[in-house]
Every structure is written in structure tokens, then in C-alpha cells.
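# Topology and contacts: notes
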Amino acid sequence: MFVDLRDRTGIVQVAIGPGAPPEVRRVAGADLASESVVEVEGPVTARPAKMKNPELATGDIEVQATKLAVVGPAATPAIPVARGKGEELPAEELRLKYRHLDLRRPEMQANLMLRHRLLQRARRTLSELEFVEIETPILTKPTPEGARDYLVPSRVHPGEFYALPQSPQIYKQLLMVAGFDRYFQIARCFRDEDLRNDRQPEFTQIDLEASFVGMDDVLGYVEAVLVDLWDEGGHTIARPFPRMTWREAMERYGTDKPDLRYDLPIVDWTAQVKPLGVPFFESALRDGARVRGLAVKGGGALSRKDVDQLADAAKQLGGAGLAWVKRQGEQISGSVGKHFTAEALGGIGVGDGDVGLMTVGPDRVTSPVLHRVRQEVIQRLGVKPKIAHAFTWVVDFPLFEPDPETGKPVFAHHPFTAPHPDDVARLETDPFSCRALHYDAVDNGNELGSGSIRITDPAVQRRVFAHLGLSSVEIDARFGFLLNGLQAGAPPHGGFAIGFDRTTMLLAGAGSLRDVIAFPKTTTARALFEGAPSPANPADLAELHLEVKP
């Protein structure tokens, strides 16, 4: 008999031959159910030449069992752990419900072992940079940081609530005021928001803050961490990373998370297209809109069905649709092809075998539309990336953005981000033109984290809070402890937070955050393994001075 013996390091074959003790043969034949926990003793021997398995790391050896005991008998597994080639995984809901079995899969064990190594590497790198690891509270005061707080009722203070931290933001700033020049933390954070594959209600970030620094210093620290994390994952990354402004990223790629592995920028074609008198564009151009598009090299391979589907995607995002023109030799075709000459196509970079895809409207509409079209074109044409990992910094974000309902200024990130020193004078008069000392790290179109230089002048911080619509009384009630800290003398400081779950997901090549978290939540924020959330005992609610209303 042969038995596959598995632990977290891998699999080894156990051989139970005719010469094995009778008790070993009895246990193997009668009591050894799949996924049972066993103890085995015996010499490690070479396998016979014809029985070696080159696909297994231990394929040249086996254990000749001299002792075999079942110490944890197993019922029939609710889901399979081992799979044959080509066999599909069980449905994810089943795997999350029986997570203890799902975590036995070699892929899951490898992901969590990678997660462990990445955590230790980050700690080592930051410690070598003289950062000090300090824990901050989990029960905190509610603060506006862009998402809803999870609230925790206080039993001993009726009607009052803690919040679970969306980030350690205020605490790490106060640590700078307290004189801890460099802080870091592997921080657990919580946000009560709608979920996606790359979002969880509770998540982990590598959080850091440093004093007497500018943007260049912080970016250098973060680059050191990211380069080491990617090295731990088996990739060599060069630094320093290139930088682009937020405005440039939106103009050329339609997103503040540009994927720079591909040479396919968005281009403004307004000047070239305006004289052609294309009806699709004319009314919008009169209203000051722009025509922007993509010159797709080899795009002639896109079928009419492909282009129609791209146009439908553009309309779903609120765009006017997608105009297109294709050149094949002397033949020009497409929805606006009759308006173009070969010379006009050359003016927008569309050559033989290429296609031009374009739309018209305000930038807030055309940017996301063309970003989506760019992604779809790359996928449909199977464009090969020019580099495996394209890191970049996106800097000079706007400090404010318009509220989608009222149009009034709201913070693009959080209210602790310092405005660009050249723009402080315009805070009240022209807030939308104010830049923030904010920066994001991006890899292959994925935001890895973000940070900023912080406000250290309490007067400026008050002005910024006032933009939230808070009165002086409300500011003191909600943020008095931060303002008091800044008034005690605050060094210039800034920081960053790396989304650790997402980083691990990318380095593991996983399709979801749930594949790199031991016990994740579903997209409906449910924990299927333990059945949370669940109704509370009425007596417990009464102690917390709460009642549930239908």
C-alpha cells in the first residue's frame, strides 16, 4: 500500500510493504480514511528507479513505515482537498464554509506562507531603516476618513460609542508630535463599505510615518519596502520608480492607477478632428468638450463585433458612445471613416492596419470611458506587456473634488493631507485648483497604497476642517485632541500605507483577496465559516443600552 502524507512543507509517499509490522498493515487497511491525521515512523529510502516521480519534490524517496497511528480520525470531507489535473475547485461559498479544509490545499498553504514571509521582510526592512514598531488603539474615536465606521457600543458609558479604526492616521501623527521620529505598524483596519474582490471589511496595511521629511524621503522609504517585498516574491524591481502627476495620468490613461506595461496612451484629437465636420462630435465641441481617443496599432484585427461591444461599454459608463475609423491599405472604413482622409488619419497616428477609437465629452466622462476601452483593447488583441512590473508614483492629486450631488468641494482623500504650499492662498477662493501633497504607488494598474505630507499648522487644519462644513464647536469636539497635539509643536511629517492584502494577492498571482486571507468575508460581508454576523442575545443588548428595531 502507498499513502500520501502531507504537512505544510509538502507531500511524501509512505510505503507499507509485506515486511511492515502486522499492526501497521492493519491500521493502513482498516482505519486510514482520507484526510485523517496520522503519526508515521520509519526509515527514509530511495524509491526503485521505475517508481520515481519527477513531478514531486520528494519523488525520489519514500518512507518505509514501521509505526503508523491514527491520532485524528476524519469523517468524509465535505469538500475535496486534493484535486486531479483539470478538476475544478468546489464553489467558493462551500470553500469558505469549510475553510478549515480549504486551507489544507497546497495553494492556500503556499499563499499564507508567502504572506508570512512578506510580513517578516517588511518588518526587517523598516527596522533596518530605523523605524520603530508601535501599536495604536483598536477602539478609537469616529473620524471622517472616506468610509463608514464600524461602531462599538460602550457598556459603561450608555449611549456612547467607539469606532474601529479605518486607519491609525491621527495616532501616528500624534506619535510624531511625541518625538518618535519613525513609526511603523502592521495595522488592522476596518471599513464598513460595499465590497469587491479587492476589498474586505477588515484588512491589513503596512503603516508608516516619519518626521522631518518631505515627499522624496517618504517615497524612498516606501520604494525600499516594495522592492524588498517583490524580491521576497521572486521579482527584481529597479528603483527609483518613475513619477507622473495626477493630471498627466488622467490625461494619458484616463485613470489615477495607470498600467504602464503597454504603449497605448489616450490622445487629445480635438484640433485634428474639428475641421472634419463629423456630426457625432459637432454639438459637443460647440459646448467646449474635447475629442479624445486611442490610436491602436494592429487594431485592424478588431472585428465589427469587438468594436460594437466596446461602444456598448462606453455607453454603460455614461459616454456618448464610441466612434471608430479603420485603415487597411487605401481603404478607410468605420463609423466616421467617410470623414477621414489618409492624411487626416496620419495626423492622429492611425496607419495601415490600425484603428482609431474616439469619443467626445467632458473629461470626467471620457477619461473613465477610454480607460475601460484601453483595457478591453489590450485584452482582446492579446497585447504583450513590454515589462513584467511597471511601477510608478502618481503625485500632485487635487485636494478637493466636487460632491456628485451638490457640486460642493469635498476632500479627495482625507482632511489631514497638506495642501501644496503654492496653493494654500486659494483654499477659500478656488478650492478645486488646490493640489495636495498626496502620492500613490501603482504597479501594473493596481494601487498598492497611498500617503501624504500632513498638515502641521493647527490654523490651516482648522480651515480645512471648516471645508467639511464643521463649526468651530464641532471641530473642537471631534478633533480637539489632534489640534491640541499640533499646538504642542509638531515636526514636519508624512507617511504612507501599503495595502498588504492586495500586495500579497498580486505576488501570489491570486484572483481574489480571499485567497490570501485565512478567514475572509464574502462580498456581502458575511463570515460563512463561523456564521457571522448573527443576532445578539437580548440580554447582551440590554446591557449595552441598545434595542433592535424592525
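In what follows, the structure referred to is the one given above.
Just so we're clear, the structure is a prediction, and the values are computed from it rather than from any experiment.

With that settled, the discussion passes to the overall build of the chain. Counting its regular elements, the chain contains 16 helices and 23 strands. Summarising its shape, the C-alpha atoms of the chain cover approximately 90 × 75 × 55 Å along the three principal directions. In the chain, which comprises 550 residues, the proportion classed as buried is 44%. A separation threshold of at least 6 residues defines the contact pool for the chain, and within that pool the share at least 24 residues apart is 67%. Carbon and sulfur atoms form 52% of the exposed surface of the chain, whose accessible area is close to 27700 Å². Distance between charge centres in the chain, computed from 64 positive and 74 negative side chains, equals 4 Å.

Looking now at the packing of helix H13 (residues 458-466) against helix H14 (residues 472-487). Between H13 and H14, the shortest axis-to-axis distance is 10 Å and the interhelical angle comes to 155°. When the axes of H13 and H14 are compared, the pair comes out roughly antiparallel. The handedness of the crossing between H13 and H14 is right-handed. Side by side, H13 and H14 meet where Pro458, Gln461, Arg462, Phe465 and Ala466 of the first sit next to Ser472, Ile475, Asp476, Phe479, Leu482, Leu483, Leu486 and Gln487 of the second.

This part covers the nonpolar core. Grouped together as the largest cluster of nonpolar side chains are 45 residues, with contacts concentrated most on Leu226, Trp393 and Phe496. Looking at this core, the element that brings in the most residues is helix H6 (residues 215-232), giving 9 residues. If near-sequence neighbours (up to four positions away) are discounted, tryptophan 393 is found in contact with Leu219, Val222, Glu223, Phe241, Pro242, Arg243, Met244, Tyr439, Asp440, Ala441 and Phe496. Judged by nonpolar contacts, the second largest core, of 20 residues, contains Leu264, Leu294, Leu310 and Ala311.

What follows deals with helix H1 (residues 22-30). Of the positions making up H1, those classed as buried are Val24, Val27 and Ala28. Projected down its long axis, H1 shows its buried positions confined to an angular sector of 95°, all on one face. Structural note: H1 exposes Pro22, Gly29 and Ala30 on the side pointing more than 90 degrees away from its buried face.

Moving residue by residue along a regular strand, the side chains alternate between the two faces of the sheet. In terms of burial, strand E15 (residues 323-328) is largely enclosed, as 5 of its 6 residues are buried. Relative to strand E17 (residues 355-361), E15 runs antiparallel, the two sharing 4 bridges. Residue pairing for E17: valine 325 is matched across the bridge by glycine 356. In this sheet, strand E16 (residues 331-333) lies alongside E15 in antiparallel orientation, the contact comprising 3 bridges. The residue bridging lysine 326 from the neighbouring strand is serine 333, located in E16.

This part is about the packing of aromatic side chains. Per the stated rule, a full pass over the model turns up 13 aromatic pairs. Taken together, a centroid distance of 4.8 Å and an interplanar angle of 25° make the contact between phenylalanine 241 and phenylalanine 391 stacked. With phenylalanine 241 in the loop between H6 and strand E12 (243-245) and phenylalanine 391 in strand E18 (residues 391-395), the pair connects residues that are 150 residues apart, well separated along the chain. One exposure class covers both phenylalanine 241 and phenylalanine 391, and it is buried. Taken together, a centroid distance of 4.9 Å and an interplanar angle of 40° make the contact between phenylalanine 400 and phenylalanine 411 tilted. Note that phenylalanine 400 is positioned in strand E19 (residues 400-402) and phenylalanine 411 in strand E20 (residues 409-411), a separation of 11 residues in sequence.

Where helix H10 (residues 304-316) meets helix H12 (residues 363-381), the closest approach of the two axes is 9 Å, and the angle between their N-to-C directions is 150°. Looking at the two axes, H10 sits roughly antiparallel to H12. For the pair H10 and H12, the sense of crossing is right-handed. Contact residues: H10 offers Asp306, Gln309, Leu310, Ala313 and Ala314, while H12 offers Val369, Arg372, Val373, Glu376, Val377 and Arg380.

Take the pattern of salt bridges next. What the rule picks out here adds up to 38 salt bridges. Residue glutamate 35 is joined to arginine 104 by a salt bridge in which the shortest nitrogen-to-oxygen separation is 2.9 Å. Highlighted residues: glutamate 35 in the loop between H1 and strand E3 (37-41) and arginine 104 in the loop between helix H3 (99-102) and helix H4 (106-128), separated in sequence by 69 residues. Relative accessible area serves as the criterion here: at 15%, glutamate 35 is assigned to the buried category. Arginine 104 sits in the partly exposed class, given a relative accessible area of 26%. Where arginine 261 meets aspartate 259, a salt bridge forms, and the shortest distance between an N and an O atom there is 2.7 Å.

A cluster of nonpolar side chains, Leu151, Phe161 and Leu546, forms an exposed patch at the surface whose accessible area comes to about 260 Å². You can see phenylalanine 161 is positioned in strand E9 (residues 161-163). For phenylalanine 161, a relative accessible area of 38% gives the class partly exposed.

Turning our attention to the side chain of arginine 261. If you trace the backbone, arginine 261 turns up in the loop between helix H7 (246-253) and strand E13 (267-268). Within polar-contact distance, the side chain of arginine 261 engages the side chain of aspartate 259 at 2.7 Å. When near neighbours in sequence (up to four residues on either side) are disregarded, arginine 261 contacts Pro385, Lys386, Ile387, Ala388, Ala390 and Asn444.

Definitions and cut-offs
Residue positions are counted from 1 within each chain, in the order its sequence is given. Per-residue local features are limited, in this predicted model, to residues with pLDDT of at least 70; the limit for side-chain atom pairs, both in listing and counting, is 80 or more; totals at the level of whole chains, interfaces and linings are taken over all residues. Values shown for side chains rest on all heavy atoms present in the structure; no hydrogens or waters enter the calculation. A run of H or I in DSSP counts as a helix once it spans at least four residues, and a run of E counts as a strand once it spans at least two, with each numbered from the N terminus. Any residue under 20% of the maximum accessible area for its type is buried, any over 50% is exposed, and the rest in between are partly exposed; the area is computed with a 1.4 Å probe on protein chains only. The contact criterion used throughout is that any non-hydrogen atoms of two residues lie within 4.5 Å. Areas reported as accessible are Shrake-Rupley estimates using a 1.4 Å probe. Residue values count occlusion only from the protein chains shown. His residues and chain termini do not enter the charge count, which takes Lys and Arg as positive and Asp and Glu as negative. Lys charges are placed at NZ, Arg charges at CZ, Asp charges at CG and Glu charges at CD. Axis definition: a line fitted to C-alpha atoms, over the contacting stretch in the case of helices. Angles run 0 to 180 degrees between N-to-C directions. In this scheme, roughly parallel covers angles under 35 degrees and roughly antiparallel covers those over 145, while 65 to 115 is roughly perpendicular and the rest are oblique. It is the rotation of the near helix from the far one that decides the hand of a crossing: anticlockwise by less than a right angle makes it left-handed, clockwise makes it right-handed. Buried Ala, Val, Leu, Ile, Met, Phe, Trp, Tyr and Cys residues form a nonpolar core when they are joined through side-chain atoms within 4.5 Å. For this quantity, the arc is that covered by the directions from the helix axis to the C-beta atoms. In this analysis, strands are considered paired if DSSP registers two or more bridges between them. When the centres of two rings from Phe, Tyr and Trp lie within 6.5 Å, Trp using its six-membered ring, the rings pair. Their planes under 30 degrees apart give stacked, over 60 give edge-to-face, and anything left gives tilted. By definition here, a salt bridge exists when the distance from a side-chain nitrogen of Lys or Arg to a carboxyl oxygen of Asp or Glu is within 4 Å. To count toward a patch, a residue needs a relative accessible area above 30% and no salt bridge. Like charges then connect within 9 Å, nonpolar side chains (Val, Leu, Ile, Met, Phe, Trp, Tyr) within 5 Å. Under the rule applied, a polar contact is a pair of N or O atoms within 3.5 Å (in protein, one hydrogen donor and one hydrogen acceptor; residues adjacent in sequence only if both atoms are side-chain atoms).

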